[in-house]
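A look at the structure
Here are the chains, one letter per residue:
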Amino acid sequence: MVKHYLTNNVFKYTWDQLAVAFWQRYPNPNSKHVLSEDTLSREIKNDLLITKRLLTKTNKLPKWGERFIPGSSRSICILEESIVDLKTKTITTYSRNIGMSKILTVDEKCQYKVDQENNSKTKCIREAWIESHVYGFARAIQHFGIERFKQNISRTVKGFDDVMDRLYAPKIMDSVSHPESRREKIRTTAKKATEKATEIARSKAGQTMVASCTGQTPA
């Protein structure tokens, strides 16, 4: 029996900002379990940007789960397809593990869209369908899958927040928390520009006076 899980969260940045940061999610301090990411294809179809990527991730298994994983490999490949729609301002992703699928499959759908309650923020609606067909252990494996999925969501959201903070927070904080500093920079820049203009004007005036005295045409 398939287990369904639904959750959502709100990011404090606009959809446009999130759309830029979306392609820079990795690496981040909370994504050490993501070993690699490769773009398989990218195309524009019916005004939609469609991208397929292959992610390699790793997760520590419980002792009882090690019996189901042959060999020493603990990494797993995830196929992700993302669809960016600029008209509706939505990013929709579909992902599924293509490794260890005989033990557990996790189908995930995420949709990032403008938060209807505050259009300066972005809402993410995340769904997952978790299924196992291992005889005698299916329920335990599905329960483990849901709990591990919840933990990964927490890291994913925090990591995405960290990426956007790195991209945008310094600029926002500088303008909000240090308005005097910004005004001082503007005044300093304006003062230097004025001094430079005055210097040039005086130089030109001097050349004109010399020229008039010598009967030459000023440069």
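Everything numeric in this text was worked out from a predicted model, so none of it was measured.

1. Some thoughts on the pairing of strand β3 (residues 48–58)
When strand β2 (residues 34–45) meets β3, the two strands line up antiparallel, connected through 10 bridges. Directly across from T39, in β3, lies its bridge partner R53. Connecting β2 to the antiparallel partner β3 that follows it, the hairpin turn spans two residues, and N46 within it adopts a positive phi of roughly 55 degrees.

2. Things to note about the packing of aromatic side chains
For the structure on display, the rule yields seven aromatic pairs. When the ring of Y112 is compared with that of F160, the centres are 6.1 Å apart and the planes differ by 85 degrees; the resulting orientation is edge-to-face. Of this pair, Y112 sits in strand β6 (residues 105–114) while F160 sits in helix α2 (residues 138–177); the two residues are 48 residues apart in sequence, bridging distant segments of the chain. Here the two residues Y112 and F160 agree in accessibility, since each one is buried. Taking NZ or CZ as reference, R25 lies 4.0 Å from the ring centre of F22, over its face.

3. Let's talk about the sheet that holds β2
With antiparallel pairing, seven strands are arranged side by side in an open sheet as β1-β7-β6-β5-β4-β3-β2. At either margin of the open sheet sits one strand with a lone partner, and together these are β1 (3–11) and β2. For this sheet, the mean angle separating the axes of adjacent strands, direction not counted, is 15 degrees. Examined bridge by bridge, strand β4 (residues 75–85) and strand β5 (residues 90–97) share eight bridges and lie antiparallel to one another. What sits directly across from E80, in β5, is S95.

4. Let's talk about the pattern of salt bridges
Applying the stated rule across the entire model yields 10 salt bridges. Residues joined by salt bridges that share partners form a network here, namely R25, E37, R53 and E80.

5. Points about a nonpolar patch on the surface
Among the surface-exposed residues, L40, L79 and I98 lie close enough to one another that they form a single nonpolar patch of about 280 Å² accessible area. With relative accessibility at 52%, the residue L40 sits in the exposed group.

6. What to know about the side chain of N28
Inspection of the secondary structure assignment puts N28 in the loop between α1 (15–21) and β2. For N28, the side chain forms a polar contact with the main-chain oxygen of R25, separated by 2.6 Å. At 2.8 Å, the side chain of N28 and the backbone nitrogen of N30 are in polar contact. Those residues in contact with N28 that lie beyond four places of it in its chain are G159 and V163.

7. Quick word on the confidence of the model for the protein
In the predicted model, the protein carries a mean pLDDT of 84, and 76% of its residues have values of at least 70. Low pLDDT, under 50, characterises residues 208–214; the predicted model gives this stretch four contacts beyond four residues in sequence or across chains.

8. Considering the environment of Y168
With respect to the element layout, Y168 can be found in helix α2. For Y168, a relative accessible area of 13% corresponds to the buried category. At a separation of 2.7 Å, a polar atom in the side chain of Y168 contacts the main-chain carbonyl oxygen of Q17.

Rules used throughout
Per-chain numbering applies: the sequence of each chain, read as written, is numbered from 1 onward. The model is predicted, so local features are restricted to residues of pLDDT at least 70 and side-chain atom pairs to those at 80 or more, both for listing and for counting; the totals for chains, interfaces and linings are taken over all residues. The side-chain numbers reported here are obtained from all heavy atoms of the structure, hydrogens and water having been left aside. The rule for pairing is simple: two strands pair if DSSP sees at least two bridges between them. Helix and strand labels come from DSSP, where a helix needs a run of H or I of at least four residues and a strand needs a run of E of at least two; each type is numbered from the N terminus. Under the pairing criterion, centres of Phe, Tyr and Trp rings, with the six-membered ring standing for Trp, must be within 6.5 Å; the plane angle then separates stacked pairs below 30 degrees from edge-to-face pairs above 60, leaving the rest tilted. Note on classification: 1.4 Å probe, protein chains only; a residue is buried when its accessible area is under 20% of the maximum for its type, exposed when over 50%, partly exposed between these limits. As a reminder, the over-ring test applies to NZ of lysine and CZ of arginine, requiring each to be within 6 Å of the ring centre and within 35 degrees of the ring normal. With axes taken as lines fitted to C-alpha atoms, and helix axes fitted only over the stretch in contact, angles between N-to-C directions fall between 0 and 180 degrees. Here, a salt bridge means any Lys or Arg side-chain nitrogen found within 4 Å of an Asp or Glu carboxyl oxygen. Patches here: salt-bridge-free residues with over 30% relative accessible area, like charges joined within 9 Å, nonpolar side chains (Val, Leu, Ile, Met, Phe, Trp, Tyr) joined within 5 Å. Here, Shrake-Rupley sampling with a 1.4 Å probe gives the accessible areas, and only protein chains in the shown set may cover a residue. Identification of polar contacts relies on pairs of N or O atoms within 3.5 Å, with a donor-acceptor requirement for protein atoms, meaning one able to donate a hydrogen and the other able to accept it, and with residues adjacent in sequence counted only if both atoms are side-chain atoms. Pairs of residues are marked as contacts when any of their non-hydrogen atoms sit within 4.5 Å. Confidence scores per residue from the predictor, reported as pLDDT, run from 0 to 100.

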